[in-house]
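# A structural walkthrough
Residues per chain are reported as follows:
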Amino acid sequence: MSRDPRDIIIKPVVSEKSYGAMEVGVFTFVVAPDANKIQIRQAIEAIYPDVKVEKVNTLNRIGKKVRSRRVRTLAKRPDTKRAIVTLKAGTIDIFGS
């Protein structure tokens, strides 16, 4: 059963560090926690047809524990999985699509 590529690639990461890496063809995305590198590669190439992916690196980020100021409760930010995608050819316009 194949999944929709938009279910695998959730959103691009827009930070100062990832924005600087975009100039050399490296893009960062928040992806589904159960997605593997092959699925991520296929999803990127399906969403952006003029792009060829060279390699995909993944990392799991554990959510931080946060404390409320007024109510003495402890909460946790959600865990996320990120994919760092290096492109062989093409570019991705994350702000236009």
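These remarks concern the structure in this document. (Residues numbered from 1 in each chain as written. Predicted model: local features only at pLDDT ≥ 70, side-chain atom pairs only at ≥ 80, totals over all residues. Heavy atoms only, no water.)

### Topic: the side chain of Thr28
Spelled out, the test is: Put simply, DSSP marks the helices as runs of H or I at least four residues long and the strands as runs of E at least two long, and each gets a number from the N terminus on. Whether two residues are in contact is decided by their heavy atoms: any pair within 4.5 Å suffices.
When you line up the elements, Thr28 lands in strand β2 (residues 26-31). Ignoring any residue separated from it by four or fewer positions in sequence, one finds Thr28 in contact with Pro12, Val13, Ser18, Arg82, Ala83 and Ile84.

### Quick notes on the sheet that holds strand β6 (residues 80-89)
For the record, the criterion: Here, strands pair whenever DSSP counts at least two bridges between them. Interaxial angles span 0 to 180 degrees and are taken between N-to-C directions of axes, which are lines fitted to C-alpha atoms, for helices over the stretch in contact.
Across the sheet, which stays open at both edges, the 4 strands sit in the order β1-β2-β6-β3 with antiparallel pairing between neighbours. Across the chains shown, the open sheet's two edge strands, defined by having one partner strand only, are β1 (9-12) and β3 (52-61). Taken over all neighbouring pairs, the strand axes of this sheet differ in orientation by 35 degrees on average, direction set aside. Bridge count for β3 against β6 is 9 bridges, and the pairing is antiparallel. Bridging from a neighbouring strand, Asn60 pairs with Lys81 of β6.

### Thoughts on the pairing of β6
Sheet topology places β2 next to β6; 6 bridges connect them, and they run antiparallel. Across the sheet, residue Phe27 finds its bridge partner in β6, namely Val85.

### As for the nonpolar core
In plain terms, the rule: In this text, buried Ala, Val, Leu, Ile, Met, Phe, Trp, Tyr and Cys residues form a nonpolar core when linked through side-chain atoms within 4.5 Å. Buried means the residue's accessible area, taken with a 1.4 Å probe over protein chains only, is under 20% of the maximum for its type, while exposed means over 50%, and partly exposed covers the values in between.
In this structure, Ile9, Phe29, Ile40, Ile44, Val85 and Ile92 are the most contacted members of the largest nonpolar core, which totals 21 residues. Mapped by element, the contributors of at least two residues to this core are β2, α3 (37-47), β3 and β6. For this core, the element with the highest residue contribution is α3, accounting for 4 residues. In this view, Ile9 contacts Phe29, Val30, Val31, Ile40, Ala43, Ile44 and Ile47; residues no more than four positions away in its chain are not counted.

### Remarks on the pattern of salt bridges
Which entries qualify depends on this criterion: Salt bridge criterion: a side-chain nitrogen from Lys or Arg within 4 Å of a carboxyl oxygen from Asp or Glu.
Here the structure, examined in full by the defined rule, presents 2 salt bridges. For Asp34, the salt bridge goes to Arg3, with nearest N and O atoms at 3.3 Å. Here Asp34 is found in the loop between β2 and α3, whereas its partner Arg3 is found in the segment before α1 (5-8), with 31 residues between them in sequence. Overall, the relative accessible area of 56% leaves Asp34 in the exposed class.

### Some points on a nonpolar patch on the surface
The line we're drawing: Residues enter patches when they are more than 30% accessible in relative terms and free of salt bridges; like-charged ones are connected within 9 Å and nonpolar ones (Val, Leu, Ile, Met, Phe, Trp, Tyr) within 5 Å. Computed with the Shrake-Rupley method and a 1.4 Å probe, the accessible areas treat only the protein chains shown as cover for residues.
On the surface, Val14, Tyr19 and Phe95 cluster together into a nonpolar patch covering about 340 Å² of accessible area. Within the fold, Tyr19 resides in helix α2 (residues 16-21).

Note that all results are geometric; they support no functional claim without further evidence.
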